[in-house]
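Topology and contacts: notes
So the chains spell out like this:
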Amino acid sequence: MTTSDSPPSHAADRNGRPSGPQLSLPRGLVVLLGMAATVVAAAGVRSMAWFIGPVFLALVLVIALAPVHSRLRGRGWPGWAATLALAAAVYAAVLSIALCVIVSVAQLATTLPQYAAQSRELVASLSSVLTRFGVGPEELRQVAQSLDLGKLVQVVGTVLADVAGLASNLIFLLTLLLFLSVETVTVGKRVGRIAADRPEVAGALLGFARNTRQYLLVSTVFGLIVAALDTIALLALGVPLAVTWGVLAFVTNYIPNVGFLIGVVPPALLALLTGGPTLMLIVIGVYCVLNFVVQSLIQPRFVGDAVGLSVTVTFLSLVFWAWLLGPLGAVLAIPLTLLAKALLVDIDPRAQWADALLSQQAPDPEPDPDPDHNGGSAGASARWRRRRRAKSDDVVEA
């Protein structure tokens, strides 16, 4: 640990924080400590995934629909009525998604057993093809024996246990949504108090909320477009459960970059059972034209412009948050990354180099209006504070 050779100074900045020489650590040690802290924090988050996932989902839903409250208040509605309308909108969104998923799963469970004979014929033909390539009957028999009914029952039991846990989480989620909707009334005042003392923190939090709304808006619009196109195409091809696969395409659209791959597997397999390899290839081709072009080529450009994250960062965030929080982390990967960026990068002027690496387009350096007095890092910090203060003041006043 080293200290500066200059005498200690007790000067303070405009917020009352010491601005004199501070104790410093070697940069390599700082990096190692940061990596160790990241590992410990990730382990803690992963152990609490059952709690953090639903809480953040509720927060994102309330943030997405919070403009309903402000607009109703602007039209003269009383506070309690606007809060009830916000809570009703949030509940309607959650229950609609849950109802679509439940109906789709029920239709899937009642329809798939009808194709048991086709699946056995498919397995038999696949076995004959494998035999031609040197895979003997003994190996195939061992694979068939490994797929016994007892293991299938265990899998079904695990799925039912997960469904029961999801039901309990849904009750917790609905309760939390009510509390967050009520707290929306005082958010503006709280952010105003934060902005009075820490304008950079208020600006970062407001930027997170704004970018999250833009991301959800873009993903929802493109998800509806993709779901409608997929449903129409599957209905025209005669693939069963076309509406169910459309709902799946809408949900997987919130998973960046690889949602297309998740959404194409079930309808392609069902097309294989009903119409053979030709229909399966047609379904895959249609999905490639519709989903891949929209979700992987067009939508990431809009998402990047809306939230300010590069395509590479969105993909890496998907892998990281899916590993950390499970399937819900994959769906919430972009909002979680935006929150982490707001708390770790946007509030710290010394971390603006990281913003240039994370952003879709690196911002051009701004000229210093007072190079004599605000040169170097001090000038950059001052310009950064001015931008943050202006953004936070504008949003709070709005």
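Conventions and cut-offs
Residues numbered from 1 in each chain as written. Predicted model: local features only at pLDDT ≥ 70, side-chain atom pairs only at ≥ 80, totals over all residues. Heavy atoms only, no water. Patch = residues over 30% accessible without salt bridge, like charges linked within 9 Å, V, L, I, M, F, W, Y side chains within 5 Å. Areas by Shrake-Rupley, 256 points an atom, 1.4 Å probe, with all protein chains shown as cover. Salt bridge = Lys/Arg side-chain N within 4 Å of Asp/Glu carboxyl O. Helix = DSSP H or I, 4+ residues; strand = E, 2+ residues; numbered from the N terminus. Contact = heavy atoms within 4.5 Å. 1 Å grid on protein atoms, 1.4 Å probe; cavity = no way out; pocket = protein on both sides within 12 Å on 5 of 7 lines; lining within 4 Å. Points joined across faces, edges and corners; volume = space filled by probe spheres on them. pLDDT = per-residue confidence, 0-100. Buried < 20%, exposed > 50% of the residue type's maximum accessible area, 1.4 Å probe, protein only. Phe/Tyr/Trp six-rings, centres within 6.5 Å; stacked < 30°, edge-to-face > 60°. Axes fitted to C-alpha atoms, helices over the stretch in contact; angles between N-to-C directions. Parallel < 35°, antiparallel > 145°, perpendicular 65-115°, else oblique. Left-handed = near helix turned anticlockwise from the far one by under 90°. Nonpolar A, V, L, I, M, F, W, Y, C, P; charged D, E, K, R; others polar.

Looking at a nonpolar patch on the surface
Among the surface-exposed residues, Leu-25, Leu-29, Val-30, Val-31, Leu-32, Leu-33 and Met-35 lie close enough to one another that they form a single nonpolar patch of about 630 Å² accessible area. Note that Val-30 resides in helix H1 (residues 27-47).

Structural notes on the environment of Lys-341
Summarising the element assignment, Lys-341 is placed in helix H13 (residues 333-346). Excluding residues that lie within four positions of it along the chain, Lys-341 makes contacts with Leu-309, Asp-346, Asp-355 and Leu-358.

A word on empty space enclosed by the protein
Following the criterion strictly, the structure yields two cavities of 30 Å³ or more and no others. The computed volume of the second largest cavity comes to approximately 30 Å³. Lining the second largest cavity, in full, are Gly-207, Phe-208, Asn-211, Leu-338, Lys-341, Ala-342 and Asp-346. Those elements that provide at least two residues to the lining of the second largest cavity are helix H8 (199-237) and H13.

Side note on the confidence of the model for the protein chain
Confidence in the prediction for the protein chain averages 75 pLDDT; 69% of positions are at 70 or higher. Overall, residues 1-10 carries pLDDT values under 50, and its contacts beyond four positions in sequence, including any with other chains, amount to eleven contacts. Contacts of residues 392-398 to residues separated by more than four positions or lying in other chains number ten contacts, the stretch itself having pLDDT below 50.

Concerning the side chain of Thr-337
Its location among the elements puts Thr-337 in helix H13. For Thr-337, a relative accessible area of 13% gives the class buried. The residues contacting Thr-337, other than those within four sequence positions of it, are Leu-309, Val-313, Ser-317 and Trp-321.

Focus on the packing of aromatic side chains
For the coordinates displayed, the defined rule picks out five aromatic pairs. For the ring pair Phe-320 and Trp-321, a centre distance of 5.0 Å and an interplane angle of 75° mean the geometry is edge-to-face. On the basis of relative accessibility, which here comes to 36%, the residue Phe-320 falls in the partly exposed class. Classification of Trp-321 by relative accessible area gives buried; the value is 13%. Among the aromatic residues, those joined into a ring-pair cluster are Phe-320, Trp-321 and Trp-323.

A few points about the pattern of salt bridges
Considering all chains together, one arrives at three salt bridges under this definition. Between Glu-183 and Arg-190 there is a salt bridge, with its nearest N and O atoms 2.9 Å apart. Given the relative accessible area of 37%, Glu-183 is considered partly exposed.

Quick look at the packing of helix H3 (residues 79-111) against helix H9 (residues 242-252)
One way to put it is that H3 packs onto H9 with a least axis distance of 10 Å and a crossing angle of 135°. The angle between H3 and H9 places the two elements in the oblique class. As for the relative orientation of H3 and H9, their crossing is left-handed in sense. Contacts from Cys-100, Ser-104, Gln-107 and Leu-108 of H3 reach H9 at Thr-244, Trp-245 and Val-247.

A word on the environment of Cys-100
Inspection of the secondary structure assignment puts Cys-100 in helix H3. Exposure remark for Cys-100: the relative accessible area of 39% places this residue in the partly exposed category. Sequence separation between Cys-100 and Leu-248 is 148 residues, and the spatial gap between their C-alpha atoms is 9.5 Å.

What to know about the packing of H8 against H9
Where H8 contacts H9, the axes come no closer than 8 Å and their chain directions differ by 155°. In terms of their interaxial angle, H8 and H9 are classed as roughly antiparallel. Once H8 is placed against H9, the crossing between them reads as right-handed. Packed against H8, whose contacting residues are Thr-220, Gly-223, Leu-224, Val-226, Ala-227, Asp-230, Thr-231, Leu-234 and Leu-235, the element H9 presents Ala-242, Val-243, Trp-245, Gly-246, Ala-249 and Phe-250 at the interface. Its residues assigned to classes, the contact of H8 with H9 shows ten nonpolar, four polar and one charged.

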